[in-house]
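# An overview of the molecular structure
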Amino acid sequence: FREQPIFSTRAHVFQIDPNTKKNWVPTSKHAVTVSYFYDSTRNVYRIISLDGSKAIINSTITPNMTFTKTSQKFGQWADSRANTVYGLGFSSEHHLSKFAEKFQEFKEAARLAKEKSQEKMELTSTPSQESAGGDIQSPLTPESINGTDDERATPEVTQNSEPRAEPTQNALPFTHSSTISKHWEAELATLKGNNAKLTAALLESTANVKQWKQQLAAYQEEAERLHKRVTELECVSSQANAVHTHKTELNQTIQELESTLKKKEAEIEGLKQEIDNARELQAQRDSLTQKLQEVEIRNKDLEGQLSDLEQRLEKSQNEQEAFRNNLKTLLEILDGKIFELTELRDNLAKLIECS
């Protein structure tokens, strides 16, 4: 025989209810032998228990398994490949501790064996040897026992595992409003920069307008003076030709001044348009400032709501934790009562047999 028992004890065997995943279902009517077996050919450790010819436990120990003591006389472990959780009820705490020590010892040995096997497979790279090892069946177990060679690392799942808490959707508006607030702050900073530039340009344009108005007044005074001068020159007949020539020059000067005046008026109109645009930007900035204040108020409200929700969530989690602890305590008490009832049944059966 390639598999040999290396440690044996007696215990009541249970399995988790596959439907509820909470209740224990006894798989043996009385205490049965539970043994650790070692397969030297495949370098595998297994926990096997037979009730007559029926295998009620056939669990290959993997490095990911964990044996948990849930009470002084009861322990359990999860087998992900068998998709079940096994439970053992012992007659004493000493037997439970001994079984747990052996479980940890063989689990470590399985881990070392797996590492050595992986190193050997990497060195040899011969798939034929891998397949040859998996075709040998154990003569100690019935055909219904599903022993496998590969020690795939699968995460262990127990009935007490809790799902991870997902982030609540109430945090989303706060994040979204923070993003909007940052966007409006950036827009406001840009508008402030533009407003400063436009204000400087407006001040410069105002100064230029005043200067151009002064120049225009001076040009108008000069034109009036020139007109008066033309009139005086026209009165002098002896200087008619000179006056005519001078008048022509003055008319050209007046035309040039009028052309310059039109250009300045066009520039003044453009500056007025820029001033109107600056006023519109100022109005937009005021509107954005008001919206930003509203967003900040909304953020504060959302922060208050989030704080309230966090307090309620923490309170709910505390209540759930207390409820879970109460259930665990009740489960431990129920396990003890089941075990005591089982022992009482065995004792009664013995008394009946003896009588």
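Attention in this report is confined to the structure presented alongside it. (Residues numbered from 1 in each chain as written. Predicted model: local features only at pLDDT ≥ 70, side-chain atom pairs only at ≥ 80, totals over all residues. Heavy atoms only, no water.)

### Considerations on the overall build of the protein
Helix and strand counts for the protein stand at four helices and eight strands. When the helices and strands of the protein are placed in sequence order, the string is β-β-β-β-β-β-β-β-α-α-α-α. Every one of the 355 residues in the protein was classed for burial, and the buried ones make up 26%. Across the protein, every contact between residues at least 6 apart in sequence was considered, and the portion connecting residues at least 24 apart equals 63%. By element, 52% of the accessible surface of the protein is carried by carbon and sulfur atoms, the whole surface being about 24,100 Å². (Helix = DSSP H or I, 4+ residues; strand = E, 2+ residues; numbered from the N terminus. Buried < 20%, exposed > 50% of the residue type's maximum accessible area, 1.4 Å probe, protein only. Contact = heavy atoms within 4.5 Å. Areas by Shrake-Rupley, 256 points an atom, 1.4 Å probe, with all protein chains shown as cover.)

### A closer look at the pattern of salt bridges
Following the criterion strictly, the structure yields seven salt bridges and no others. E108 is the salt-bridge partner of R111, the closest N and O atoms lying 2.3 Å from each other. Placement of both R111 and E108 in helix α1 (residues 93-124) is noted, with a separation of three residues, approximately one turn of the helix. Residue class for R111 comes out partly exposed when judged on its relative accessible area of 30%. E108 gets classed as partly exposed once you look at its relative accessible area, which sits at 34%. In this structure, the salt-bridge partner of D286 is R285, at a minimum N-O distance of 3.9 Å. A network of salt bridges, in which partner residues are shared, links E108, R111 and E115. (Salt bridge = Lys/Arg side-chain N within 4 Å of Asp/Glu carboxyl O.)

### Let's talk about the packing of aromatic side chains
Within this structure, the stated rule accounts for 14 aromatic pairs. Plain terms: the ring middles of F14 and F74 are 5.8 Å apart, the flat faces sit at 55° to each other, and that makes the pair tilted. With F14 in strand β1 (residues 3-16) and F74 in strand β7 (residues 74-79), this pair connects stretches of sequence that are 60 residues apart. Each member of the pair, F14 as well as F74, carries the same accessibility label: buried. (Phe/Tyr/Trp six-rings, centres within 6.5 Å; stacked < 30°, edge-to-face > 60°.)

### So, a nonpolar patch on the surface
A contiguous nonpolar surface patch, about 410 Å² in accessible area, is contributed by F323, L327, L330 and I333. Tracing the sequence through the fold places F323 in helix α4 (residues 240-354). (Patch = residues over 30% accessible without salt bridge, like charges linked within 9 Å, V, L, I, M, F, W, Y side chains within 5 Å.)

### Here's the deal with the nonpolar core
Counting residues in hydrophobic clusters, the biggest one holds 23 residues, and the most contacted among them are V34, Y36, I47, I57, W77, L88 and F99. Put simply, the parts of the chain that give this core at least two residues each are β1, β3 (32-39), β4 (44-51), β5 (54-60), β8 (84-89) and α1. Other than its neighbours up to four places away in sequence, I47 contacts V34, S35, Y36, I57, N58, S59, I61, W77, F99 and F103. Membership of the second largest hydrophobic core comes to six residues, among which are F14, I16, W24 and A78. (Core = buried A, V, L, I, M, F, W, Y, C linked by side-chain atoms within 4.5 Å.)

### Description of the side chain of T9
Tracing the backbone shows T9 in strand β1. Owing to a relative accessible area of 12%, T9 belongs among the buried residues under this scheme. Contact partners of T9, with chain neighbours within four places excluded, come to V32, T33, V34, F90, H95 and F99.

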